[in-house]
Amino acid sequence: MATLSPAVSDQRPRPGMAKPPIAALVLCLLGHLALVAFLLAWWREETAAPFAYRLLLGLAVAVGGIGVGGIARHLARHQLDPVRAFVPALLTLLFGLLALEAVLRAYAVPPGLWPTPSAVFARLWTARRVLLADAWQTFVLEAVVGFGIGVGWALPTALLVARCPFLQRGFMPYAAAFASIPIPAMAPVAVHMFGLGWPSKAAVVAVTVYFPVVVNSVRGLLEVDRNLLDLMRSYAADERTTFWRVRIPNALPFLFTALKLGTALAMIGAIVGEFFGATGQGLGFRIQIEAGRFGFDMVWAAILVASLLGIAWFGLIAGLERRFTGWHVSLRE
Amino acid sequence: MRHSRLAAWGPLLVVAAVAMAIYLPLVVVANYPLAARTLARGATLPCDSALACTFFLRNPVLPAPNQLLGGILALSWPPGAPYALPLNAWWTAIETVVGLSLAATVGFLFAVLLVLSRAFQLSVLPWIVASQTVPIVALAPMLVVLLGRYGVQGWLPKAIIAAYIAFFPITIGLAKGLQSPDRLALDLMKTWNATTFQVFMRLRIPASLPFLFTALKVSTAAALIGAIVGEMSTISFAGLGKMLSENARASDVVGTWVLMLACALLGILLIAVVDLVERLVTPWRR
């Protein structure tokens, strides 16, 4: 998780570990226990909790929050390995979910307005078949296939443009302009051309992925250090050797940046594309239909599935990036 | 001067001409079967051969350039009409710009917290970064319904969705920007006994502006998507998203193409505006 938290904070950690923050740990534990106790006591109730309960709940949230913050502040003062650096984030998530669940139950917020986290997880389990079929449609058939087609077209285009200065001046401005077409504007056109099934959404995804990959790859192929080109010249290397030994490796980091951006764009394209017409399947279709009839537990479950798939895909590309461009400055420790 | 301008425009025009030269036969090929069928059914069309009719179909597979031009004219005049592109594009632009400003304001507060407190960074930053890979636009239909329940209606919920989408890249960009002054500059401020507030005002905030604008340019397109999806997911009375969903329901093919072009133009214009503001605000960069 170290890659997920680039160091932006100003405070410099000190090496070594001081004595554990007993007070913060106790407060954190107290807060969590109080929340769990309340949830156990109020699990089956449908009505809002009495005032005294809600007061205690507020106290528990405050105490637990201070405790979690204290632990984070304690850990922040030290040099951390990646696992321990992730503890505050994990604690925050756990505490946040518990507090949300407790507050929603204490005020008896109707599930049509804001479902409790437990309702979302329960829906995730009970609707797993539907959601898996949706994920297959949206993620595999639309996002991944579209991404593959888009990248498959983009790479030859980039190679062609990089070889041909005329196209650099004649094509690249259009590519940059096309990259700024909002995805939802393309979806109705694609749905009309390719029908309601998954190919129309794959087409939208392919077009949205195509332009950033072309633009970035061309930049990577062209923005090569002059010294390296001169060095290759002094080796009397021919065009092709220079291309394979200098230009391609130079383009890889640019390409991977575009691919990582492309995973997010592909998920957005597939989901938004389904808002304009689908065959009764797909995460975007599910989200739109269920939001329209206030089935927000299903909406959140679908969003959760889409997010997990998106993060896993992004992680896969980031892993490939580390594997293939590990020599690059940005990845060296 | 004239020569260099020609050198810049020449390739663009040639590529446009080639694209046109490919597009016209494509229109004929794509529309020919439909045109033949429509003629055989005896529909009244302003043409007599199937070949000529490929340019005049009511619902073509690919709209012909003359139809696109006609569609643009029909949808832009008068500019203030409720069905006209300029008025609707204006509302979508307002939503996007308000959303971006909102995102920049909240993002700035978060960025300052991130820079000042490592505890906050450890607790929150992983989720901010992870959420960048989440298709946040999926939240739009839900947010619109939810905000509507609390009485937030009109253009504001769309601006909030746009802000929500633009928020994460802007926050990360600003945090990096606030962090960008090098050690020496910070040490110099220290030797002058500057307070944290002064360091922010004199050093960190000016240093973060280029990062802010880079992030803004990235997130303008995303915010526009958010505004459009927001308009689609609820009852709207203005905006390109409203026009899109109306057109998709009516399946007016020429209209959807014209709208796509209009959305693209709006996206390009908004990014150009951000670029212009950047030049005005950070003149020392040029």
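Residues numbered from 1 in each chain as written. Chains lettered and ligands numbered in written order. Predicted model: local features only at pLDDT ≥ 70, side-chain atom pairs only at ≥ 80, totals over all residues.

Quick look at the overall build of chain B
Formally: A run of H or I in DSSP counts as a helix once it spans at least four residues, and a run of E counts as a strand once it spans at least two, with each numbered from the N terminus. As defined in this context, the radius of gyration uses C-alpha atoms, and a globule is described by 2.2 Å times the residue total to the power 0.38. Each residue is represented by a C-beta atom placed from its backbone, and any two residues with such atoms within 7 Å are regarded as in contact.
Looking only at helices and strands, one finds 11 helices and zero strands in chain B. Helices (α) and strands (β) of chain B occur, in sequence order from the N terminus, as α-α-α-α-α-α-α-α-α-α-α. On C-alpha atoms alone, chain B measures out to a radius of gyration of 25 Å, which is more than a quarter above the 19 Å that the 2.2 N^0.38 rule sets for 286 residues. When its C-alpha atoms are laid out on the principal axes, chain B stretches across 85 × 60 × 35 Å. Looking at chain B alone, contacts between residues at least 24 apart form 70% of all its contacts between residues at least 6 apart.

Regarding the overall build of chain A
Threshold: Between the buried cut of 20 or more and the exposed cut of 12 or fewer other C-beta atoms within 10 Å of a residue's own C-beta lies the partly exposed class, and all C-beta atoms are placed from the backbone.
When you go through chain A residue by residue, the secondary structure sums to 14 helices and zero strands. For chain A, the N- to C-terminal ordering of α and β elements is α-α-α-α-α-α-α-α-α-α-α-α-α-α. Against the compact-globule benchmark of 20 Å for 333 residues, chain A has a radius of gyration of 26 Å, which places it well outside the compact range. Residue burial in chain A is summarised as follows: out of 333 residues, 42% are buried.

Quick look at the interface of chain B and chain A
Stated formally: Under the scheme applied, nonpolar residues are Ala, Val, Leu, Ile, Met, Phe, Trp, Tyr, Cys and Pro; charged residues are Asp, Glu, Lys and Arg; polar residues are all the others, including Gly.
Counting from both sides, the interface comprises 55 residues of chain B and, opposite them, 57 residues of chain A. For the side of chain B that touches chain A, the secondary-structure elements that each account for two or more residues are helix H1 (2–40), helix H4 (85–116), helix H5 (118–131), helix H6 (140–149), helix H7 (156–178), helix H9 (196–232), helix H10 (240–250) and helix H11 (253–281) of chain B. No other element matches the 11 residues that H5 of chain B contributes to the side of chain B that touches chain A. Taken together, the residues of the side of chain B that touches chain A sort by class into 42 nonpolar, 10 polar and three charged.

Topic: the domain arrangement of chain A
This is how the line gets drawn: Here the limits of each domain have been adopted from an automatic or database domain assignment.
In terms of domains, chain A is made up of domain 1 (2–109) and domain 2 (126–331). Between the C-alpha centres of domain 1 of chain A and domain 2 of chain A the distance comes to 37 Å.

Details of the nonpolar core
As a reminder of what qualifies: To form a nonpolar core, buried Ala, Val, Leu, Ile, Met, Phe, Trp, Tyr and Cys residues must be joined through C-beta atoms within 7 Å.
Within the largest apolar cluster, 159 residues are counted, with the highest numbers of intra-cluster contacts made by Met186 and Ala302 of chain A together with Ala166 of chain B. With residues up to four places along the chain from it excluded, the contact list for Met186 of chain A reads Ile181, Val204 and Val207 of chain A together with Met260 of chain B.

Section: the packing of helix H12 (residues 239–275) of chain A against helix H13 (residues 283–292) of chain A
Residues and elements named next belong to chain A. In plain terms, the rule: Angular values range over 0 to 180 degrees, each being the angle between N-to-C directions of two axes fitted as lines to C-alpha atoms, with helices fitted over their stretch in contact. Here roughly perpendicular refers to angles of 65 to 115 degrees, roughly parallel to angles under 35, roughly antiparallel to angles over 145, and oblique to all remaining angles. Crossings are sorted by hand: turned counterclockwise from the far helix by less than a right angle, the near helix makes the crossing left-handed, and turned clockwise it makes it right-handed.
Orientation of H12 relative to H13, taken along the N-to-C sense of each, is 50 degrees, at an axis distance of 7 Å. In terms of orientation, H12 and H13 fall into the oblique class. Once H12 is placed against H13, the crossing between them reads as right-handed. In contact with Ala270, Ile271, Val272, Gly273, Glu274 and Phe275 of H12, H13 contributes Leu283, Gly284, Phe285 and Gln288. Partitioning the contact of H12 with H13 into residue classes produces six nonpolar, three polar and one charged.

Re helix H11 (residues 226–234) of chain A
The buried count for H11 of chain A comes to zero of nine residues, which makes it a mostly uncovered element. Downstream of H11 of chain A by one or two residues, Ala236 of chain A has phi in the positive range, about 60 degrees.

Thoughts on the packing of H7 of chain B against H9 of chain B
All names here are of chain B. The N-to-C vectors of H7 and H9 enclose an angle of 155 degrees; their axes lie 7 Å apart at closest approach. The pairing of H7 with H9 is recorded here as roughly antiparallel in orientation. Of the two possible hands of crossing, H7 and H9 adopt the one that is right-handed. Looking at the contact of H7 with H9 residue by residue, the classes come out as 20 nonpolar, seven polar and four charged.

Digging into the confidence of the model for chain A
All names here are of chain A. Filter applied, for reference: Each residue carries a pLDDT score, the predictor's confidence in it, ranging from 0 to 100.
Of the residues in chain A, 93% reach a pLDDT of 70 or more, and the chain-wide mean stands at 84. When mean pLDDT is taken per element in chain A, helix H6 (residues 128–163) scores highest with 93 and helix H3 (residues 82–85) scores lowest with 78. The low-confidence segment residues 1–6, where pLDDT is below 50, has 14 contacts with residues more than four positions distant or belonging to other chains.

Some words on the confidence of the model for chain B
Residue and element names in this part refer to chain B. Confidence in the prediction for chain B averages 83 pLDDT; 95% of positions are at 70 or higher. Confidence, read as mean pLDDT per element, is least for H6 in chain B (75) and greatest for H4 (90). Reported confidence for the predicted complex is 0.78 by ipTM and 0.81 by pTM.

Description of the environment of Gly310 of chain A
Residues and elements named next belong to chain A. With respect to the secondary-structure elements, Gly310 resides in helix H14 (residues 296–324). Owing to 26 C-beta atoms within 10 Å, Gly310 belongs among the buried residues under this scheme. Note: C-alpha distance between Gly310 and Ala264 (46 residues apart in sequence) is 6.7 Å.

So, unusual backbone geometry
All names here are of chain A. One non-glycine residue with positive phi stands out, namely Ala236, at about 60 degrees. Relative to the helices and strands, Ala236 is located in the loop between H11 and H12. C-beta crowding within 10 Å serves as the criterion here: with 7 such atoms nearby, Ala236 is assigned to the exposed category. Non-glycine residue Phe294 carries a positive phi angle of around 60 degrees. Residue position: Phe294 is located in the loop between H13 and H14.

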